[in-house]
Amino acid sequence: MAKVITVTNQKGGVGKTTTSINLAFYLAKAGKKTLVIDFDPQGNAGSGLGIDLRELDKTMCDVMLGECELKDIIIRNKAKRLFVAPTIPELADVEVQMNEMENKFLLLKHAISTVVDDYDFIIIDSPPSLSLLTVNCMIASEYVLVPIQTEFYAMQGVGQLLETMKLVRKAMNPNLKLLGVLATMYDRRTALSSEVLAEVKKRFKDLVFETTIPRNVRLAEAPSHGIPIGQYDRFSKGAKSYKNLAEEVMERTK
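Note that the coordinates shown come from a computational prediction; the quantities given were computed from them, not determined experimentally.

What counts as what
Numbering of residues starts from 1 in each chain and follows the order in which that chain's sequence is written. Since the coordinates come from a predicted model, pLDDT governs what is reported: local features require at least 70, and pairs of side-chain atoms require 80 or more to be given and counted, while whole-chain, interface and lining totals use all residues. With hydrogens and water set aside, each side-chain value is computed from the structure's full complement of heavy atoms. We count a stretch as a helix when DSSP gives it H or I for four or more residues in a row; a strand needs E for two or more, and each element gets its number in order from the N terminus. Here's how the labels work: a residue is buried when its accessible area is under 20% of the maximum for its type, exposed when over 50%, partly exposed in between, all with a 1.4 Å probe on protein chains only. When a carboxyl oxygen of Asp or Glu is within 4 Å of a side-chain nitrogen of Lys or Arg, the pair counts as a salt bridge. Pairing between two strands is assigned when DSSP locates at least 2 bridges connecting them. In what follows, a contact means two residues having at least one pair of non-hydrogen atoms within 4.5 Å. Convention adopted: a line fitted to C-alpha atoms gives each axis, helices being fitted over their contacting stretch, and angles between N-to-C directions are expressed from 0 to 180 degrees. What qualifies as a polar contact is a pair of N or O atoms within 3.5 Å, subject to a donor-acceptor requirement within protein and to the restriction that residues adjacent in sequence count only when both atoms come from side chains. Only buried residues count toward a nonpolar core, which is a set of Ala, Val, Leu, Ile, Met, Phe, Trp, Tyr and Cys residues joined through side-chain atoms within 4.5 Å. Roughly parallel refers to an angle under 35 degrees, roughly antiparallel to one over 145, roughly perpendicular to one between 65 and 115, and oblique to any angle outside these ranges. Three classes are used, and their members are as follows: Ala, Val, Leu, Ile, Met, Phe, Trp, Tyr, Cys and Pro are nonpolar, Asp, Glu, Lys and Arg are charged, and the others, Gly among them, are polar. For this text, the term disulfide refers to a pair of cysteine sulfurs within 2.5 Å.

1. Looking at the side chain of Ser193
Positionally, Ser193 belongs in helix α8 (residues 191-204). On the basis of relative accessibility, which here comes to 3%, the residue Ser193 falls in the buried class.

Next comes the structure, spelled out in structure tokens:
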């Protein structure tokens, strides 16, 4: 049965999608059959893995509306053992329709249950908000991974995110766990990055991953080419960091 991990932070621009894509790539490279579910209406996880969203016949929108099953939309990536369930911006409209549905909080969980035995890991890229879509992600997952950028306002909204996790755990998913907090956009040359990282470690202690994700030009360039950093520049600092993160994630989910 797959380990299901939601990558989430209600604050945008923290490296959430970059983490989803590259963590999944290195899990697959380590021999783990991995599915990325793009559940962010921006669709960046799909496009960052080389999918032309304009050419898609079926997406997560159709799955949520009950018009097809999850297995029907999954696309095999060029990287071995890596698969993608893409979405398109219309998912934001679908969310409105989901609000009127019975079991609206369980739609994603039910979809995933049909493929959960086919993968070792399922990584869900969630929207940068505490919306119905994000709650669906948490209810469908065993773990939550929270990227936090080492910049001003890093902790903004994290308290609310943890409170939402607590409510989800109490009401719908008692098995939900915080897998870890990932420091992103880390620049060891600046005092600010070091100070913020220290604050994050003080707050979350052992839950902070040892791996930090650096500010890295190659990491920022890779999505425009539709490939993970491990294929774009496997010797870059960003690639090495995400490889290390995948090793930590495998260790923590044993």
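2. Side note on the pattern of salt bridges
Counted according to the given criterion, the structure contains 12 salt bridges. In this structure, Lys71 and Asp72 form a salt bridge, with 3.3 Å as the shortest nitrogen-oxygen distance. Between Glu163 and Lys166 there is a salt bridge, with its nearest N and O atoms 3.7 Å apart. On the criterion of helical spacing, the pair formed by Glu163 and Lys166 is a turn pair, its members being 3 residues apart in helix α7 (residues 158-171). Salt bridges linked by common partners bring Lys16, Asp40 and Asp125 together as one network.

3. With respect to the pairing of strand β4 (residues 82-85)
Residue alternation in β4 divides its side chains into two sets, Leu82 and Val84 and Phe83 and Ala85, and both sets are buried. As paired strands, strand β2 (residues 34-38) and β4 are joined by 4 bridges and run parallel to one another. Paired with Ile37 across the two strands is Ala85, which belongs to β4. Bridging between strand β3 (residues 75-76) and β4 involves 2 bridges; their strand directions are antiparallel. Following the sheet pairing, Arg76 is matched in β4 by Phe83.

4. A look at the pairing of strand β5 (residues 121-125)
With 5 of 5 residues buried, β5 lies mostly within the body of the structure. Relative to β5, strand β1 (residues 3-7) is paired through 5 bridges, and the arrangement is parallel. Paired with Val7 across the strands is Asp125, a residue of β5. With 5 bridges connecting them, β2 and β5 associate as parallel partners. By the bridge assignment for β5, Asp38 is matched with Asp125.

5. Focus: the environment of Val36
When you line up the elements, Val36 lands in strand β2. Between the alpha carbons of Val36 and Glu210 there is a distance of 23 Å; along the sequence they are 174 residues apart. Beyond its immediate chain neighbours, meaning those up to four positions away, Val36 contacts Ser20, Ala24, Ala45, Leu49, Leu82, Phe83, Val84, Ala85 and Ile123.

6. What about the sheet that holds strand β6 (residues 143-149)?
Strands sit in the order β3-β4-β2-β5-β1-β6-β7-β8 across an open sheet of 8 strands; the sheet is mixed. Where the open sheet ends on each side, the last strands, each with one partner, are β3 and β8 (208-214). Packed onto the sheet, helix α1 (residues 16-29) meets β1, β2, β4, β5, β6 and β7 (177-186) and runs at close to 165° relative to β5.

7. Looking at the side chain of Asn136
The residue Asn136 is located in helix α6 (residues 132-140) in this model. A distance of 2.9 Å separates a polar side-chain atom of Asn136 from the backbone oxygen of Lys104.

8. A word on the nonpolar core
If you look at the biggest cluster of nonpolar residues, it comprises 66 residues, and the most contacted ones within it are Met60, Met64, Leu70, Ile112 and Ile122. Take this core: its biggest share by element is 7 residues, from α1. Excluding anything up to four places from it in sequence, Leu70 contacts Ile37, Met60, Val63, Ala85, Ala111, Ile112, Thr114 and Val115.

9. Digging into the packing of α1 against helix α11 (residues 237-252)
At a minimum axis distance of 8 Å, the contact between α1 and α11 shows a crossing angle of 70°. It follows from the interaxial angle that α1 and α11 lie roughly perpendicular. Every residue of α11 that contacts α1 at Thr18, Thr19, Asn22, Leu23, Tyr26 and Leu27 is listed here: Ala239, Tyr242, Lys243, Leu245, Ala246, Val249 and Met250. Residues that form the contact of α1 with α11 fall into these classes: 9 nonpolar, 3 polar and 1 charged.

10. A closer look at the state of the cysteines
For the structure shown, the criterion picks out 0 disulfides. Free cysteine Cys68: the closest other cysteine sulfur is in Cys61, separated by 9.9 Å. In this structure Cys68 comes out as buried when scored by relative accessible area, which is 15%. Summary of cysteine pairing: Cys137 is not part of a disulfide, and the nearest cysteine sulfur, belonging to Cys61, is at 13 Å. Here Cys137 falls in the buried class, since its relative accessible area comes to 0%.

By themselves these figures say nothing about function.
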